[in-house]
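# Observations on the model geometry
Here's the letter readout for the chains.
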There are 2 protein chains.
Amino acid sequence: MSDQPRRMFLSAFTISSPGHQSMGMWKLPGDKSHEYKSLKYWTDLAKRLDRGGFDTLFVADVLGIYDVYQDSPDPALKNAAQVPILDPVPAIAAMASVTENLGFGVTVALTYEQPYSFARRMSTLDHLTDGRIAWNIVTSYLDSAARNMNLDGQIPHDERYDIADEFMDVCYQLWERSWDDDAVVRDAEAGMYTDPSKVRGIEHKGKYFTVPGMALCEPSPQRTPVLFQAGASSRGQEFAAKHAEMIFLISGDTTTLRRSVDKIRAQAEEVGRGREDVRVLAGVTVVVAETDAEAQALYKQYKEAGSWDGGLVLFGGWSGVDLGALPSYEPLDHADSNSIRSAADMFGGAGKSWTAEQLGKYIAVGGATPVIVGSPQTVADELERWMDEGDIDGFQFASVHMPYTYESITELVVPELRRRGRVPEERTGGTLREKLGFKSPLLQGHPAEVARTS
Amino acid sequence: MSDQPRRMFLSAFTISSPGHQSMGMWKLPGDKSHEYKSLKYWTDLAKRLDRGGFDTLFVADVLGIYDVYQDSPDPALKNAAQVPILDPVPAIAAMASVTENLGFGVTVALTYEQPYSFARRMSTLDHLTDGRIAWNIVTSYLDSAARNMNLDGQIPHDERYDIADEFMDVCYQLWERSWDDDAVVRDAEAGMYTDPSKVRGIEHKGKYFTVPGMALCEPSPQRTPVLFQAGASSRGQEFAAKHAEMIFLISGDTTTLRRSVDKIRAQAEEVGRGREDVRVLAGVTVVVAETDAEAQALYKQYKEAGSWDGGLVLFGGWSGVDLGALPSYEPLDHADSNSIRSAADMFGGAGKSWTAEQLGKYIAVGGATPVIVGSPQTVADELERWMDEGDIDGFQFASVHMPYTYESITELVVPELRRRGRVPEERTGGTLREKLGFKSPLLQGHPAEVARTS
């Protein structure tokens with residue numbers, strides 16, 4: 001390590017539902033995840049993270065039910081597997097009104113949006129939060145969502161990314177090119193609020209979208225929100241290398257992680273961006289207490305609360321593979337089906353020989369993320385190792401036990417990371433993009449900058 | 001008047017833009033309407049209304065530009081005629097977090113929404129506000145919106161209402177019938193968060209929408225938000241009589257108003273609802289000060305600030321009629337065009353003989369609403385007269401001069417209305433629907449109740 005250790009970005013990753021990536025934790029004593037419906041739950045969480053040194057809070061979202069496992073929505077309902085779930089957008093402004101620095105990452109699946117109204121919603125959030133908005137770009141992966149949104153089924157995966165590319169282009173035109181910085185003049189003498197010569201329609205006519213008009217909003221502090229993505233497929237990674245400023249990866253070990261990170265940084269370079277123009281965050285689940293022994297005891301409690309069929313519900317939604325019909329004694333690496341074996345490797349870690357029930361138990365605590373258990377020192381050591389070996393910029397800390405997960409990280413882990421110089425004592429001002437160490441408003445070579453200057 | 005005068009409901013009607021129904025008021029000294037981009041502007045307004053005895057705050061919306069006048073968006077930009085404009089939804093939760101009783105009416109044009117995701121957004125707002133949400137149902141009226149939302153032009157007016165009827169039906173099924181009240185059990189022993197036997201897909205397959213699935217949210221306090229509508233056409237009024245619990249009317253005199261109110265109450269009865277199951281609010285613009293003379297001086301200031309071409313921009317958007325090419329000396333009631341004459345009667349008041357410029361000046365202060373000017377006593381007298389002669393339940397007070405409009409109404413007019421027993425000193429608890437004096441969760445005979453019990 002150099003004298004000036006690399007800055008570690010801290011992001012919380014949760015969902016507006018009683019169950020996120022861990023299953024069954026709502027049964028833990030004192031767990032408050034069922035209060036996700038109250039504004040106070042969200043404003044308390046935001047205040048805690050803001051004071052506690054976190055950079056961002058990301059709220060995940062799905063617009064459908066995990067109904068692959070046992071070909072039914074019932075196991076998802078029973079386990080609160082991301083259902084019931086609220087729209088993540090409405091609580092953002094309330095959280096912004098009680099925080100100073102925290103950035104908010106909002107998940108919106110562009111698959112079901114029109115870019116014209118969506119661009120306005122994001123500009124609105126960026127105005128109201130004074131430039132603290134990031135957009136977690138999702139191309140929806142659940143069939144159950146498509147069926148209820150007047151589509152017969154999912155749009156094929158690669159076409160989804162073609163649509164997404166055009167969607168991004170329309171948004172960039174609306175955010176970056178439609179209004180000049182000095183379009184709003186408020187000249188009472190001349191009776192002119194906005195100077196029409198500094199506003200223009202974008203005249204977009206593409207394969208999927210036709211948007212002739214101008215943006216409805218004057219420029220927001222960031223114009224384009226910070227772009228976040230979690231593309232796992234190769235088409236997804238190509239998309240991410242082109243657009244994303246923050247990338248979220250989940251890997252079971254640092255070698256696999258490093259391979260993905262190297263690829264992403266190389267791809268970003270290939271499309272004319274810098275290797276360091278992307279902040280890469282790894283998903284982790286942290287179980288921390290004052291001592292290693294106490295943390296291990298807590299982890300044991302989580303594993304006991306963990307619901308293995310809840311884990312298989314998540315596995316079904318992520319992979320499209322239903323393990324509901326497999327005999328409970330059969331190790332998955334012996335399965336005839338190729339897709340079963342590769343999905344089990346992907347979400348359960350390669351080289352494991354476990355049954356469906358064992359895999360479900362594994363997923364039930366932390367989903368597919370690595371679980372780091374121990375005292376503040378142990379956890380900080382491990383986070384530093386992941387960061388250095390993985391060449392990453394920080395972490396997405398998955399919610400497990402609410403609000404304990406973020407209480408314990410802010411109170412125990414962050415002070416230790418501060419002592420090690422990984423997390424600054426004071427936050428710098430400016431927009432979220434600037435807080436992430438990027439130039440504002442735009443990164444050289446990024447397609448949003450290209451749209452602006454074209 | 002009887003001993004117990006009829007309760008007067010007070011609603012504020014504004015927009016997330018520097019210009020709403022009055023044009024040019026942003027030029028007034030001290031006007032803060034340009035701060036519509038900041039959360040504080042909205043939380044301050046909400047606190048003022050909540051403390052000051054208002055029942056609701058409605059935020060209008062358009063998803064397009066008023067570009068009929070002079071066949072160009074430029075006059076709208078110049079006059080801040082509802083552009084720039086933000087999405088009204090994101091600020092709601094922040095306002096809810098600083099208020100106790102105020103209800104929030106949010107305008108959403110269903111024309112560009114999918115009922116499945118829209119129903120979730122409204123349930124989310126209803127959860128986060130503890131049941132204080134109303135939905136201002138709009139079927140969008142601007143061509144410029146349709147063009148940017150991947151539609152070649154507006155859907156024909158009557159078909160828009162057929163789509164709207166089916167859209168409502170899908171929402172009622174999702175809000176009322178999909179989840180039983182006791183579906184969420186949180187039974188840790190049984191490992192059951194939601195009891196799947198108490199949740200069902202709605203299996204909707206109609207002409208415009210296919211939604212087989214279940215609602216994504218557990219039931220919110222009101223389930224169906226309070227339904228608000230401002231239908232002016234006869235198909236619109238038929239729709240309103242069937243669905244709306246609050247109806248917003250704009251009439252230039254109490255005779256015209258009374259005729260519309262009688263018709264609405266009769267129509268509500270015809271479709272099996274009660275005459276009193278609809279709260280009718282009239283749009284008004286109030287200019288109030290300590291004395292009549294001061295109020296008149298203020299009104300004079302407003303008229304001087306009023307922008308006549310801004311008024312014609314609004315007129316163009318509402319009527320579809322461009323007065324931009326007419327000679328400035330020609331009285332509109334002499335115009336050859338039928339549509340010009342009838343639109344001028346509708347938005348400028350019947351029987352007037354004025355030029356386009358005079359009509360624009362008239363619209364520039366208060367749009368098409370009547371303007372009530374005077375001391376608190378004068379204004380209260382006039383509001384009582386409108387209420388009694390019109391058989392209405394209250395008013396939508398249009399924003400003119402921000403924040404003076406609502407400062408002056410809460411500080412000067414409401415105390416006078418309280419002295420007259422029209423506005424209660426204390427608000428009763430419960431959901432917005434209950435605060436409006438309706439039974440909760442549902443009105444007998446309302447289609448939402450039919451959906452629930454079918």
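Residue indices begin from 1 for each chain and proceed along its sequence in written order. Labels are handed out in written order, letters beginning with A for the chains and numbers beginning with 1 for the ligands. In keeping with the predicted nature of the model, local features appear solely for residues at pLDDT of at least 70, side-chain atom pairs appear and are counted solely at 80 or more, and the whole-chain, interface and lining totals rest on all residues. Each side-chain value is derived from all of the structure's non-hydrogen atoms; neither hydrogens nor water enter the calculation.

Chain A appears in an unreviewed UniProt entry as LLM class flavin-dependent oxidoreductase from Arthrobacter hankyongi. UniProt positions are given in the numbering used here, feature names are shortened, and annotations may be inferred rather than shown by experiment. Taken directly from UniProt, the Sequence similarities (unreviewed entry) text for chain A runs: "Belongs to the NtaA/SnaA/DszA monooxygenase family."

So, about the confidence of the model for chain A. A residue's pLDDT is the confidence the predictor assigns to it, expressed on a 0 to 100 scale. For chain A, per-residue confidence averages 92 on the pLDDT scale, and residues scoring 70 or more make up 97% of the total. Interface scoring of the predicted complex returns ipTM 0.95; its pTM is 0.96.

Look at any regular strand and the pattern is simple: side chains alternate between the two faces of the sheet. All names here are of chain B. Here a strand pair is declared whenever DSSP counts at least two bridges between the two strands. Under the scheme used here, helices are H or I runs from DSSP no shorter than 4 residues and strands are E runs no shorter than 2 residues, and both carry numbers assigned from the N terminus. Across 2 bridges, strand β5 (residues 184-187) lies against strand β6 (residues 192-194) in antiparallel orientation. From the neighbouring strand, Val184 faces β6, where its bridge partner is Thr194. Linking β5 to β6, which pair antiparallel, is a turn of 4 residues; within it Gly191 sits at a positive phi near 65°.

The next thing to look at is unusual backbone geometry. Residue Val83 of chain A is joined to Pro84 of chain A through a cis peptide bond whose omega torsion reads -5°. Residue position: Pro84 of chain A is located in the loop between α2 (74-79) and α3 (91-96). Note the cis peptide between Met402 of chain A and Pro403 of chain A, where omega equals 0°. With respect to the element layout, Pro403 of chain A can be found in the loop between β13 (394-398) and α14 (404-419). Unlike most non-glycine residues, Ala80 of chain B shows phi in positive territory, near 55°. Relative to the helices and strands, Ala80 of chain B resides in the loop between α2 (74-79) and α3 (91-96).

The interface is formed by 65 residues belonging to chain A together with 65 residues belonging to chain B. Accessible surface is computed with a 1.4 Å probe, and the buried area is the amount of it that two parts give up when combined, taken over both parts together. Taking both partners together, chain A and chain B bury about 6,100 Å²; carbon and sulfur atoms supply 64% of that area. The residue Lys37 of chain B makes a salt bridge to Glu218 of chain A at a minimum N-O spacing of 3.5 Å. Identification of polar contacts relies on pairs of N or O atoms within 3.5 Å, with a donor-acceptor requirement for protein atoms, meaning one able to donate a hydrogen and the other able to accept it, and with residues adjacent in sequence counted only if both atoms are side-chain atoms. Linking chain A with chain B are 19 residue pairs in polar contact (both at pLDDT 80 or more). Counting only elements with at least two residues in the side of chain A that touches chain B, the list comes to α1 (39-51), α2, α3, α4 (115-128), α5 (143-148), β5 (184-187), β6 (192-194) and β8 (210-211) of chain A. It is α4 of chain A that provides the largest number of residues to the side of chain A that touches chain B, a total of 8 residues. By the convention used here, residues are in contact when the closest approach between their heavy atoms is within 4.5 Å. We define a salt bridge as a contact between a side-chain nitrogen of Lys or Arg and a carboxyl oxygen of Asp or Glu at a distance within 4 Å.

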